[in-house]
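Topology and contacts: notes
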Amino acid sequence: DEEMLVLRTKLEGILSQNTIDAIIEDLKKSKGGSKKKKNGYKHENNEHEFEGVLEFYSKLVLGVDPDDVNGSNNIAYKSAMYSFGMFSFGALIPLSPYFWFNNTNIACIMAIISSLIIAVVIGSAIAYFSHSNQKDAMKRQFVATVLGVSASIMVSKLFNY
């Protein structure tokens, strides 16, 4: 199905392959629907069942409640606010040495060190929650941070002559 392929590509990188396969399997089962006998008649209940499974996974994975689009308890707005707050807090970690040290060279070195330490901690947390190899996840986060910091320093050197 084209719908399942689109759903799979949207979930890749967010969930593990096993979880995506389980979601797709549940959706296929509910969409295919088995014909049931009720009061001697065969009729399909698959559309209602499919909508229920899709609604469940949209709430679980995306944080979107289709029944409460404009309500005051909208999960999407809460998610956006929490995301903004966490990104703001996360930005303060590498910037905090600039508040503590008057010497910008020392502050820069401390910001790089604190960023690398946080990258290793985040890699460990990712490995723990995704049940993947901890050493690989920590290395990946460390290397990504080194590349990002290096690119940032190179761009600043380029424009500051």
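**Quick look at the overall build of the chain**
Helix and strand counts for the chain come out as six helices and two strands. The secondary structure elements of the chain, listed N-terminal to C-terminal, are α-α-β-β-α-α-α-α. Taking all 161 residues of the chain together, 17% fall into the buried category. Here the contacts in the chain between residues at least 6 apart in sequence split such that 22% fall between residues at least 24 apart. In the structure as shown, the chain presents an accessible area of about 12500 Å², 63% of it carried by carbon and sulfur atoms.

**Considerations on the side chain of Thr145**
Inspection of the secondary structure assignment puts Thr145 in helix 6 (residues 134-160). Judged by relative accessible area, Thr145 falls into the buried class, the value being 18%. Setting aside its immediate chain neighbours within four residues, Thr145 contacts Ser115, Leu116 and Ala119.

**Thoughts on the nonpolar core**
By size, the foremost hydrophobic cluster in this structure holds eight residues: Met4, Leu11, Ile20, Ile23, Ile24, Leu27, Val53 and Tyr57. For this core, the secondary-structure elements that each account for two or more residues are helix 1 (2-11), helix 2 (17-32) and helix 3 (46-62). No other element matches helix 2, which puts four residues into this core.

About the cut-offs
Residues numbered from 1 in each chain as written. Predicted model: local features only at pLDDT ≥ 70, side-chain atom pairs only at ≥ 80, totals over all residues. Heavy atoms only, no water. Helix = DSSP H or I, 4+ residues; strand = E, 2+ residues; numbered from the N terminus. Buried < 20%, exposed > 50% of the residue type's maximum accessible area, 1.4 Å probe, protein only. Contact = heavy atoms within 4.5 Å. Areas by Shrake-Rupley, 256 points an atom, 1.4 Å probe, with all protein chains shown as cover. Core = buried A, V, L, I, M, F, W, Y, C linked by side-chain atoms within 4.5 Å.

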